[in-house]
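Close look at the chain arrangement
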Amino acid sequence: MSLVQRAREARQNAYAPYSKQKVGAAVKATSGRIYTGVNVENADHADWTCAESAAIAAMIAYGDREIAEAAIVSSGTHPICPCAACRSRLAEFGTKETVVIMATPDGSIERTTLRQLVPRHYRALRD
Ligand code: THU
């Protein structure tokens, strides 16, 4: 199953009753292992977890430390780009070449890299 499919499948379990924007993420570590995450909202709007954040936390919990590729599947007709905080989280464990795929449930797909998503990060991205 492709990384986008894994993110799409995970997205079904997202908990987004407030924004109605279900998001699923899947990160593939350089080991080849895949970790998924979903956004988790709560009534206190200050404390929402993004799907990317959840997937990265799972990756760290299972001992991987480097992301080769990430996929994010969101609602709507246009793919969403990771938020600023999630770009930093991806940058912490990725490299310039880390591929980021953004997709919608009906298959509209955009593909980019951390080099493009995180220009001039305060700590330079690894090569
Ligand atoms: N969200 C993510 O899961 N990832 C992002 O990169 C941006 C936003 C979630 C957070 C919130 O639950 C919903 O999308 C609407 O912002």
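As a reminder, the structure under discussion sits directly above these lines.
As the structure is a computational prediction, the values presented were derived from the model and not from experiment.

This next bit is on the site of the ligand. The immediate surroundings of the ligand are formed by 13 residues, with Asn39, Glu41, Ala51, Glu52 and Cys83 found nearest. Measuring from an oxygen atom of the ligand, one finds a side-chain N or O atom of asparagine 39 at 2.9 Å. Look at the ligand: alone it shows 370 Å² of surface, and the protein chains cover 82% of it. Class assignment of the residues belonging to the shell around the ligand gives a composition of eight nonpolar, three polar and two charged.

This part is about the pairing of strand β1 (residues 24-29). Burial analysis of β1 places five of its six residues in the buried class, the great majority of the element. When β1 meets strand β2 (residues 34-38), the two strands line up antiparallel, connected through five bridges. Opposite glycine 24, over in β2, you have valine 38 as the bridge partner. Where β1 folds back on β2, the antiparallel hairpin that results is connected by four residues, among which glycine 32 adopts a positive phi of roughly 100 degrees. With six bridges joining them, β1 and strand β3 (residues 67-73) adopt antiparallel strand pairing. Its bridge partner being in β3, lysine 28 is matched across the sheet by glutamate 69.

Viewed as axis vectors pointing N to C, helix α2 (residues 51-61) and helix α3 (residues 84-93) meet at an angle of 25 degrees, and their least axial separation amounts to 9 Å. One finds that α2 runs roughly parallel with respect to α3. For the pair α2 and α3, the sense of crossing is left-handed. Where α2 approaches α3, its residues Glu52, Ser53, Ile56, Met59 and Ile60 are matched on the opposing element by Cys86, Arg89, Leu90 and Phe93. Tallied by class, the residues present in the contact of α2 with α3 amount to six nonpolar, one polar and two charged.

Now for the sheet that holds β1. The strand order across the open sheet formed by five strands is β2-β1-β3-β4-β5, and the pairing between neighbours is mixed. Looking at the sheet topology across the chains shown, the edges are occupied by β2 and β5 (109-113). On average, each strand axis in the sheet is inclined to that of its neighbour by 15 degrees, with strand direction left out of account. Sheet strands in contact with α2 are β1, β2 and β3, and its direction is about 140 degrees off that of β2.

About the cut-offs
Residues numbered from 1 in each chain as written. Predicted model: local features only at pLDDT ≥ 70, side-chain atom pairs only at ≥ 80, totals over all residues. Heavy atoms only, no water. Near = heavy atom within 4 Å. Polar contact = N/O pair within 3.5 Å; in protein donor to acceptor, adjacent residues only side chain to side chain. Areas by Shrake-Rupley, 256 points an atom, 1.4 Å probe, with all protein chains shown as cover. Nonpolar A, V, L, I, M, F, W, Y, C, P; charged D, E, K, R; others polar. Buried < 20%, exposed > 50% of the residue type's maximum accessible area, 1.4 Å probe, protein only. Helix = DSSP H or I, 4+ residues; strand = E, 2+ residues; numbered from the N terminus. Pairing = 2+ DSSP bridges. Axes fitted to C-alpha atoms, helices over the stretch in contact; angles between N-to-C directions. Parallel < 35°, antiparallel > 145°, perpendicular 65-115°, else oblique. Left-handed = near helix turned anticlockwise from the far one by under 90°. Contact = heavy atoms within 4.5 Å.

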